[in-house]
Amino acid sequence: MAVAGTVLAAGAASAAHAVGPGEIQFVPLGAGYSVALQEQVDYWNLNRLAAAGLNENSDGTDAVAPAAGWDDTARPWGGSDTVRRTTGKLVMRMRNADGVNWETLAPCTATVVRSQNKSVVVTAAHCLRVNWGSNIDPGLNVIATSVLFIPGFRGENLPRLAPGASAETGPAIGADVAPYGVWPVTRAWLTEGWTGKANHVNDHDMAAMVVDNPADSRPIEDVVGGQPIAFNQPRAAPRVNFGFPTVNFKSYSGPNTAADGTRVINGAPNVNNVPAVNQRIYDGRTLMYSQGASWIGYEWWWQTNNNIMKTQFSPGASGGPWFKDLDPVTGEGFLVGVTSHFAQSSAGGLDAIADIELRAPSPYMAGTNFTNQENAAYQAAATVSVP
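Residues numbered from 1 in each chain as written. Predicted model: local features only at pLDDT ≥ 70, side-chain atom pairs only at ≥ 80, totals over all residues. Heavy atoms only, no water.

Explain the pairing of strand 14 (residues 288-292) here, please?
Each regular strand carries side chains that alternate between the two faces of the sheet. Where strand 3 (residues 75-76) meets strand 14, 2 bridges bridge the pair, whose relative direction is antiparallel. Considered in strand 14, the bridge of Pro76 is made with Met288. With 5 bridges connecting them, strand 11 (residues 239-243) and strand 14 associate as antiparallel partners. Considered in strand 14, the bridge of Val240 is made with Gln291. (Pairing = 2+ DSSP bridges. Helix = DSSP H or I, 4+ residues; strand = E, 2+ residues; numbered from the N terminus.)

And the structure:
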């Protein structure tokens, strides 16, 4: 029986030498499957969802639009409901993988895609596994142990965790927040590259997940539909991408920080010298999109399989879909990538290195372009039986 939150290398003795995608099992298969699946649902009460999915809860600041107005680098989605149904909030419980007593909650974005078993949801691999090869900082080697997907997430109805309140207990997640139900991730497959080197020096940042719902016998695709998925598509082409940006301290046009730690647009330029009129506050509640030209990423001193776009998104949007030929009327497009990471000069480290190497000013984000490795992860998820 697989241990939840453990990477199982496919066709190899260890994850470091994986051949093919690596699997993570969150719900053990077998006689205890139904009970374990329900336990995953029960873990995610409204308080935990708020703690994981909304912006820095200590500041409690809801979204503020830029005074200059939204543009194609980021704006709220007001188009077809198909996108809203198939795109959703992904929340994770992460633990340290080095045996250190450390865990946290985190948000991402994910998308239902068409598949043989009608149960596949796609996101970024780093939402499930990150390993920088160090336990100096317990957050640098982490793995997910519980993952929940909420298609059609209605964040405007999610109350914040009250100051001083515990996330350990709370009301169940209802239809006002999750109109299509809550769907635990039972299994996931990471690309071969990410299984072997699970950090952003690698660029195959994609995971294909299988979801199930103990309260609904139908597969998720029969409930919300699914987007077509495509691989090895022409690059340097227009893209439309979506996500739930959440983290303001790593938003290029984010607000300043007041003395009490709250995020404020106070008339002053921010750390990236962005004027107040262009600053904005994200709260993790709202499905945003950006659109425009993309180009091939040349980060880390070599050509990667990442595509690059000018956007104003921030973490929380990781794993969100990149569409080719999205029809704004039908809300369908070919899913050809997912958001991997953001380059913000002010953050330093790899962000600054990538910014210089790419010779393009921030803000931009990189999206994993689906190739053969991503197809192998997708096929692994799409062809398994769902109990």
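Read on for the rest.
How should the side chain of Glu221 be read in this particular structure?
With respect to the element layout, Glu221 can be found in helix 5 (residues 220-224). Here Glu221 sits buried without a salt bridge, and the closest side chain of opposite charge, Arg114, lies 5.1 Å off (N-O distance). Not counting residues within four places of it along the chain, the set of residues in contact with Glu221 comprises Val112, Val113, Arg114, Ser115, Lys118 and Gly226. (Buried < 20%, exposed > 50% of the residue type's maximum accessible area, 1.4 Å probe, protein only. Lys, Arg positive; Asp, Glu negative; His and termini not counted. Salt bridge = Lys/Arg side-chain N within 4 Å of Asp/Glu carboxyl O. Contact = heavy atoms within 4.5 Å.)

Help me out: how do you make sense of the sheet that holds strand 11 in this one?
Remark on secondary structure: sheet strands pair via backbone hydrogen bonds, oriented parallel or antiparallel. In spatial order, the strands read 3-14-11-17-18-19-16-15; together these 8 strands make up an open sheet with antiparallel pairing. Strand pairing shows two members of the sheet lacking a second neighbour, strand 3 and strand 15 (294-296), which therefore form its edges. Judged from the 6 bridges that link them, strand 18 (residues 334-343) and strand 19 (residues 364-369) form a sheet pairing that is antiparallel. Within the sheet, the bridge partner assigned to Val338 lies in strand 19 and is Thr368.

Can you walk me through the state of the cysteines in this structure?
Joining two cysteines, a disulfide is a covalent bond between their sulfur atoms. Throughout the structure, instances matching the rule amount to 1 disulfide. Here Cys108 engages in a disulfide with Cys127; their sulfurs sit 2.1 Å apart. Between Cys108 and Cys127 the sulfur-sulfur dihedral comes to about -90°; the bridge is accordingly left-handed. In this pair, Cys108 is assigned in strand 5 (residues 103-112) and Cys127 in the loop between strand 6 (120-123) and strand 7 (129-131), connecting sequence segments 19 residues apart. Residues Cys108 and Cys127 agree in their burial class; the two are buried. (Disulfide = S-S within 2.5 Å.)

Can you help me understand unusual backbone geometry in this one?
Residues other than glycine predominantly adopt negative phi, and peptide bonds predominantly adopt the trans conformation. Backbone geometry places Asn232, a non-glycine residue, at a positive phi of 55°. Along the chain, Asn232 turns up in the loop between helix 5 and strand 11. We classify Asn232 as partly exposed; its relative accessible area is 44%. A positive phi is found at Asn273, a non-glycine position, where the angle reads about 65°. With respect to the helices, strands and loops of the structure, Asn273 is situated in the loop between strand 13 (263-264) and strand 14.

Would you take a moment to explain the packing of aromatic side chains for this structure?
The geometry of two aromatic rings is summed up by the distance between their centres and the angle between their planes. Applying the stated rule across the entire model yields 8 aromatic pairs. Here the aromatic rings of Tyr43 and Trp44 are separated by 5.1 Å at their centres, their planes lie at 90°, and the arrangement is edge-to-face. Here the two residues Tyr43 and Trp44 agree in accessibility, since each one is buried. When the centroid spacing of 5.5 Å and the interplanar angle of 80° are considered together, the rings of Phe153 and Phe244 count as edge-to-face. With Phe153 in the loop between strand 8 (141-151) and strand 9 (183-190) and Phe244 in the loop between strand 11 and strand 12 (256-257), this pair connects stretches of sequence that are 91 residues apart. Of the two residues examined, Phe153 and Phe244, each falls in the buried class. Taken together through their ring pairs, the aromatic side chains of Trp77, Phe242, Tyr289 and Phe323 make up a single cluster. (Phe/Tyr/Trp six-rings, centres within 6.5 Å; stacked < 30°, edge-to-face > 60°.)

Would you take a moment to explain helix 1 (residues 33-43) for this structure?
Along an α-helix, residues three or four apart share an orientation, since each turn contains 3.6 residues. Listed in full, the buried residues belonging to helix 1 are Tyr33, Ala36, Leu37, Gln40, Val41 and Tyr43. All buried residues of helix 1 fall inside an arc of 165° around its axis, so they share one side. Away from the buried face of helix 1 by more than 90 degrees, exposed residues Ser34, Val35 and Asp42 are located. Turning to helix 1, the residues buried within the fold contact helix 2 (46-53), strand 4 (87-96), strand 5, strand 8 and strand 9. (Arc of directions from axis to C-beta.)

How should the pairing of strand 6 be read in this particular structure?
Judged by which residues are buried, strand 6 turns out to be covered on both faces: Val120 and Val122 on one side and Val121 and Thr123 on the other are all buried. For strand 6 and strand 10 (residues 207-211), the ladder comprises 4 bridges, and the chain directions are antiparallel. The residue bridging Val120 from the neighbouring strand is Val210, located in strand 10.

Sorry, what's going on with the confidence of the model for the protein here?
Reading predicted coordinates in detail is not appropriate for stretches of low pLDDT. Averaged over the protein, the pLDDT score is 90; the fraction of residues at 70 or greater is 89%. In this model, residues 8-17 is a region of pLDDT below 50 whose contacts with residues beyond four sequence positions or in other chains number 21 contacts. (pLDDT = per-residue confidence, 0-100.)

How should the nonpolar core be read in this particular structure?
Note on soluble globular proteins: their nonpolar side chains tend to be buried together. Grouped together as the largest cluster of nonpolar side chains are 44 residues, with contacts concentrated most on Val122, Ile173 and Phe242. Elements with a contribution of two residues or more to this core: helix 1, helix 2, strand 6, strand 8, strand 10, strand 11, strand 18 and helix 7 (372-382). In terms of nonpolar packing, the next biggest core, distinct from the first, is built from 32 residues, Ile24, Ala125, Phe149 and Trp183 among them. (Core = buried A, V, L, I, M, F, W, Y, C linked by side-chain atoms within 4.5 Å.)

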